[in-house]
Amino acid sequence: MVLTVEEKVQIVVWHVNGLSDNMIRQQFVNMFPNRPALARSTIQSIIRNFFTYGSVFPPRGVRTRRGVNPDLELRDILICTSIEQNPTQSTSRLGEQYGISRFRLMLENGKHVLCEKPFTMNEKQTKKLLDISKEKNLFLMEAVWSRCFPAYDKMIEVIKSGEIGEVVQVTVEFGVPISHVDRVKNKDLGGGVILDLGVYILQFQQYVFNGLKPTKIVASGHLNEEGIDSSVAAILTFPEGKTAVLSASSFTKLACEGVVYGTKGCIKMPTFWCPTTLDVNGVVLEFPLIKNEGEFNYLNSAGLAYEAEEARQCIMKNKIESPKITHDNTLELAQLMDKLRAELGVVFPADGESY
């Protein structure tokens, strides 16, 4: 994947709040391999331009180091964001802060959106944005980058081949000691391990069971002093004798592995959120990342290239959703997270608002 200015490719902007926003934004620029120096400089300039002017969409031309380039437009902006933190606003306005106001701004101005997970705070907000996407015929994708890694494609290929027999159970756990981090511990930032790590474990079992809906969900966990979940463990019961056993913790490092058990064998996926290997019945398959000399702050961040290319291909084909993470998938993930929060008794101010 080579980016050049002349191609006028979609401009990717990565925006999150907190201390990590500049790092993640820069990583999304750095992950483009073989990028010409001019193209990289232009992309960085566009990112600075956008975050300088905020919600202003220049009708024509992008300001770069060399002045305004009339041949570049902010026509396809893929915004990755989850929380709009504004300390000057009261908590009574949290429903406007949690992403949905900015997403609506993007969509209503005719911009495609690649949205960092979790997509929104709850099912109501999610449904509203999906409706706007359909109404405006604009691409909208939850940035579940995991599913764009080649290892995920191979996992599904193995399952469909029957090599491990009929899938009967999925176990996945994700634990990182981040209970002290603001985005995890604070209610006014939409905190909680369910929204932060839980979306990963939920999407994994969802991808494996491919449309099968749970008939029963049981969950338990621990809450911090603000009433926000610090850990969660859940069992999802499906028809046909299938089960998913999930756990997420902000207290400690867990195995961070997804395992698919079949009647004839199993698939193990280490670092399941950004995998480069897959163990199929004891045989390890490797999927090296795209060669990239960029500097990254997080594990396997060069894999963001897979997600960016998936979004680019969808937009070029005039799709409004990706088959890897459909709008129905995103809506179900929001419903599942709502259910887990309800099981633990976690309520956000945004839950009581209408959209």
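Right above here is the structure, for reference.
Here the structure is a predicted model, which is why all the values come from computation and not from measurement.

K.L.:
Could you clarify how one ought to interpret the nonpolar core in this entry?
P.N.:
The nonpolar side chains of a soluble globular protein tend to be buried with one another. In terms of nonpolar packing, the biggest core is built from 68 residues, with Met-155, Ile-159, Phe-204, Val-260, Ile-267 and Phe-272 touching the most fellow members. The dominant element in this core, judged by the number of residues it contributes, is helix H8 (residues 193-209), at 12 residues. Residues contacting Met-155, with those up to four places away along its chain left out, are Phe-204, Tyr-207, Val-208, Val-260, Ile-267, Met-269 and Leu-278. By size, the runner-up hydrophobic cluster in this structure holds 13 residues, among which are Phe-103, Cys-115, Phe-119 and Ile-132.

K.L.:
Quick question: what am I supposed to make of the pattern of salt bridges here?
P.N.:
Opposite charge on two side chains allows them to pair when their charged atoms are near. A full pass over the atoms with the stated rule returns 13 salt bridges. Notably, a salt bridge pairs Glu-309 with Arg-312, separated by 3.4 Å at the nearest N-O pair. Of the two residues, Glu-309 and Arg-312 are both situated in helix H9 (residues 304-316); the distance of three residues between them amounts to about one turn of the helix. For Asp-351, the salt bridge identified is with Arg-341, shortest N-O distance 2.8 Å. Placement of Asp-351 in the segment after helix H10 (327-344) and of Arg-341 in helix H10 is noted, with a sequence separation of 10 residues between them. Using a relative accessible area of 3% as the deciding quantity, one classes Arg-341 as buried.

The rules behind these values
- Note on numbering: residues in each chain are counted from 1, in written sequence order.
- Confidence filtering applies because this is a predicted model: local features only for residues at pLDDT of at least 70, side-chain atom pairs given and counted only at 80 or more, and all residues used for totals across whole chains, interfaces and linings.
- Only hydrogens and water are set aside; all other atoms, that is, all heavy atoms of the structure, feed into the side-chain values.
- By nonpolar core is meant a set of buried Ala, Val, Leu, Ile, Met, Phe, Trp, Tyr and Cys residues that side-chain atoms within 4.5 Å join together.
- For every residue, the accessible area (1.4 Å probe, protein chains only) is compared with the maximum for its type, and the residue is labelled buried under 20%, exposed over 50%, or partly exposed between those bounds.
- Elements are defined by DSSP. Helices are runs of H or I of four residues or more, strands are runs of E of two residues or more, and each kind is numbered from the N terminus.
- The contact definition used throughout considers only heavy atoms, calling two residues in contact when any of these lie within 4.5 Å.
- Definition used for salt bridges: Asp or Glu carboxyl oxygen within 4 Å of a side-chain nitrogen of Lys or Arg.

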